[in-house]
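# Residue-level structure breakdown
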Amino acid sequence: QYMQQIRQAIATGKPQSFEYHLTMQQMQRDYEARVVSSASDEAILIVRDITDRKHAEAALRLAEENYRSIFENALQGIFQSTPDGHYIRVNPAMARMNGYRSPEEMIASVRQIGRQIYVDPACRDEFQHLMNQQDRVQGLEYQVYRVDGSIIWVEECTRAVRDADGHLLYYEGIVEDVTQRKQQEEELKRQLAELQIEIDQQKRVREVTKITQSNYFQELKAEAEALQADNFWE
């Protein structure tokens, strides 16, 4: 491989470069070689060890593959959006949650998140306020419109992504459909309210029973009956 690159460099007069690896002491090292023609039958070779760079590239590829797998297969909605309300990326779960057939359809259709997604504009204002104040929102619950006009409840956790100079690039977050949980909470509240009414009614019955069975009430009752009898004879 070396000789082939040397001959090519001398024949063409153009620098050649290639990568290779060697195994030494059961450890693989990676190198990058650059070949430059210096005469009609000579060449200069510059070699550098790129093992650390290769490891970093492999780790980065693995991290990107893992992120892509999580992004594509997550059950929760994952998104990136611009501060002015456009989606940059959404995963399949996010698209399905909002009733779209694909992430691409949702990105193309939603041009203003605050107007098209939020049922209550005040919730979008609260989101914006929290992002401006602390660069993140945690556990924010609100109602959103699906593409067919139906409404669901969601819970959102989002952070602001900034560059090295602190400039805001985009928002990145996770959204979960909590409609079923909210419905269960409302049903539980209704049942508790009904139970409280029943308890109050039973409490009043017990209080009335206690009063009517008291000696004082019985004396009043006897006096009333006697009074009614006197009135009858009169």
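Let me begin by describing the structure that accompanies this report.

### Section: the pattern of salt bridges
Tallied over the full model, the rule gives 16 salt bridges. Close ionic contact of E19 with K54 constitutes a salt bridge, the shortest N to O distance being 2.7 Å. Here K54 lies in helix α2 (residues 51-73) and E19 lies in strand β1 (residues 16-24), a separation of 35 residues in the sequence. The partly exposed category is assigned to E19, whose relative accessible area is 35%. Here R181 and E185 are joined by a salt bridge, their closest N and O atoms 3.4 Å apart. Within this pair, R181 and its partner E185 are both found in helix α7 (residues 179-212), separated by four residues, close to a single helical turn.

### Some words on the sheet that holds β1
The three strands are arranged β1-β2-β3 in an open sheet whose pairing can be described as antiparallel. The open sheet has two free edges, formed respectively by β1 and β3 (42-49), since each of these has just one partner strand. Averaged over all adjacent pairs, the angle separating strand axes in this sheet is 30 degrees, with direction ignored. Bridging between β1 and strand β2 (residues 27-39) involves nine bridges; their strand directions are antiparallel. Along β2, the bridge assignment pairs S17 with R34. With respect to the sheet, helix α1 (residues 2-12) is in contact with β1, β2 and β3, its orientation differing from that of β1 by roughly 165 degrees. The sheet contacts of α2 involve β1, β2 and β3, and relative to β2 the element is tilted by about 120 degrees.

### What about the nonpolar core?
Y87 and M106 are the most contacted members of the largest nonpolar core, which totals 24 residues. Looking at this core, the elements that each hand over two or more residues are β5 (87-90), α3 (92-97), α6 (121-134), β6 (136-145), β7 (151-162) and β8 (168-177). Residue contributions to this core peak at four residues, all from β6. In this view, Y87 contacts F79, Q80, S81, M94, M106, I107, V110, I113 and I117; residues no more than four positions away in its chain are not counted.

Reading the values: rules and limits
Residues numbered from 1 in each chain as written. Predicted model: local features only at pLDDT ≥ 70, side-chain atom pairs only at ≥ 80, totals over all residues. Heavy atoms only, no water. Salt bridge = Lys/Arg side-chain N within 4 Å of Asp/Glu carboxyl O. Helix = DSSP H or I, 4+ residues; strand = E, 2+ residues; numbered from the N terminus. Buried < 20%, exposed > 50% of the residue type's maximum accessible area, 1.4 Å probe, protein only. Pairing = 2+ DSSP bridges. Axes fitted to C-alpha atoms, helices over the stretch in contact; angles between N-to-C directions. Contact = heavy atoms within 4.5 Å. Core = buried A, V, L, I, M, F, W, Y, C linked by side-chain atoms within 4.5 Å.

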